[in-house]
Amino acid sequence: MKQAKIYFFALSVVYAILLVLGNLDDLTPQGQWRVQAAAWLGEPPAGLKVETMRAGFRGDYPTTVFSIPANENLRRSIIDTYHLEPAGTTKDGEVKYGNKHILPDYADDTRPELSGLSVLISPWLLVKPDGSMRFCVDDANVEQGRYPVVSLVAHPYPQYLPRGEWELFYRHLALAVLCFLFPALFCCAGWLWLQRQPVSAPETRRICLLIPALVGFIGAFADFYLHGFDMSYSLFSSAFSAGTNFIAALLLVGITALLRKLFDKPA
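Here goes a summary of the coordinates provided. Just so you know, these numbers come straight off a predicted model, no measurement behind them.

Thresholds applied
- Residues numbered from 1 in each chain as written.
- Predicted model: local features only at pLDDT ≥ 70, side-chain atom pairs only at ≥ 80, totals over all residues.
- Heavy atoms only, no water.
- Axes fitted to C-alpha atoms, helices over the stretch in contact; angles between N-to-C directions.
- Helix = DSSP H or I, 4+ residues; strand = E, 2+ residues; numbered from the N terminus.
- Parallel < 35°, antiparallel > 145°, perpendicular 65-115°, else oblique.
- Left-handed = near helix turned anticlockwise from the far one by under 90°.
- Nonpolar A, V, L, I, M, F, W, Y, C, P; charged D, E, K, R; others polar.
- Salt bridge = Lys/Arg side-chain N within 4 Å of Asp/Glu carboxyl O.
- Buried < 20%, exposed > 50% of the residue type's maximum accessible area, 1.4 Å probe, protein only.
- Polar contact = N/O pair within 3.5 Å; in protein donor to acceptor, adjacent residues only side chain to side chain.

**Some remarks on the packing of helix α7 (residues 202-226) against helix α8 (residues 231-263)**
Next, step 1: Where α7 meets α8, the closest approach of the two axes is 7 Å, and the angle between their N-to-C directions is 150°. Accordingly, the angle class assigned to the pair α7 and α8 is roughly antiparallel. α7 and α8 meet at a crossing whose hand is right-handed.
Next, step 2: When the residues that make up the contact of α7 with α8 are grouped by side-chain class, the tally is 18 nonpolar, six polar and no charged.

Okay, structure coming up:
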């Protein structure tokens with residue numbers, strides 16, 4: 001049981017570190033601005049804050065919203081760049097801008113097919129009576145057919161676009177492997193391959209099967225829920241992660257047992 005506790009602790013720490021490293025851009029408002037808005041509006045403004053609006057339903061997506069202090073030049077830049085139009089006033093006197101879908105004009109080396117960027121974006125802006133703003137670069141929950149499309153809008157600051165369509169693809173792939181396969185690989189590699197423990201040992205079931213499934217469940221839930229997905233989607237993803245890690249661990253244990261039977265010579 002002591003070995004199982006060590007593996008659980010070590011896996012949890014390594015998993016958390018890798019998860020943070022894979023999401024460094026999500027840790028600061030400036031980092032998120034550079035990923036989502038800098039190609040349109042340049043460097044992040046002073047006093048920038050960010051929040052993630054949690055998805056309300058399983059089919060919805062989380063929405064990143066930037067809070068910006070009063071800045072008339074930036075307000076005009078947002079409206080002009082995205083071709084936004086007034087869309088009414090809230091009961092608190094806030095002026096809404098939107099009613100447009102934007103089809104960006106990407107350079108050949110920054111096209112979004114595999115980079116994680118939306119092909120069609122739906123921005124909106126909310127200006128408060130004191131001039132401060134709430135701004136969303138792309139609300140993925142806006143119905144695509146509801147508003148007209150402004151075609152092929154060029155990015156004013158294309159130098160901030162990721163160069164090469166594989167850049168974010170590989171990052172997302174690495175995070176997917178971390179979530180759905182890494183716990184199984186970590187435990188099986190450590191226990192069966194490095195320590196050369198017997199496949200039939202009682203601890204093998206705890207370390208190689210139960211711990212990866214448990215950490216996979218907890219880690220996936222933390223990742224998806226902290227990124228703004230609703231409870232049901234986060235639990236579904238957690239269960240899927242636990243299942244994939246359990247199956248992967250089962251296969252690794254089986255393959256290890258088979259290879260030892262074939263190649264390990266009796267003492």
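Now that the structure has been shown, the text picks up again.
**Thoughts on the pattern of salt bridges**
Where charged atoms from two side chains of opposite charge come close, those side chains can pair.
Next, step 1: Applying the stated criterion across every chain yields a total of six salt bridges.
Next, step 2: With its nearest N and O atoms 2.6 Å apart, the salt bridge here joins Arg75 to Glu72. In this pair, Arg75 and Glu72 are both assigned in helix α4 (residues 72-81), three residues apart and thus about one turn of the helix distant.
Next, step 3: What makes Glu72 partly exposed here is its relative accessible area of 40%.
Next, step 4: A salt bridge links Glu72 to Arg76; the nearest nitrogen and oxygen atoms lie 3.0 Å apart. Taken as a pair, Glu72 and Arg76 lie in helix α4 at a separation of four residues, close to a single helical turn.

**Description of α4**
Next, step 1: Of all the positions in α4, only Leu74, Arg75, Ile78, Ile79 and Thr81 are classed as buried.
Next, step 2: Among the residues of α4, the N-terminal cap falls to Asn71, whose side-chain oxygen and the backbone nitrogen of Asn73 are separated by 3.3 Å.
Next, step 3: His83 occupies a position one or two residues after α4 and carries a positive phi of about 55°.

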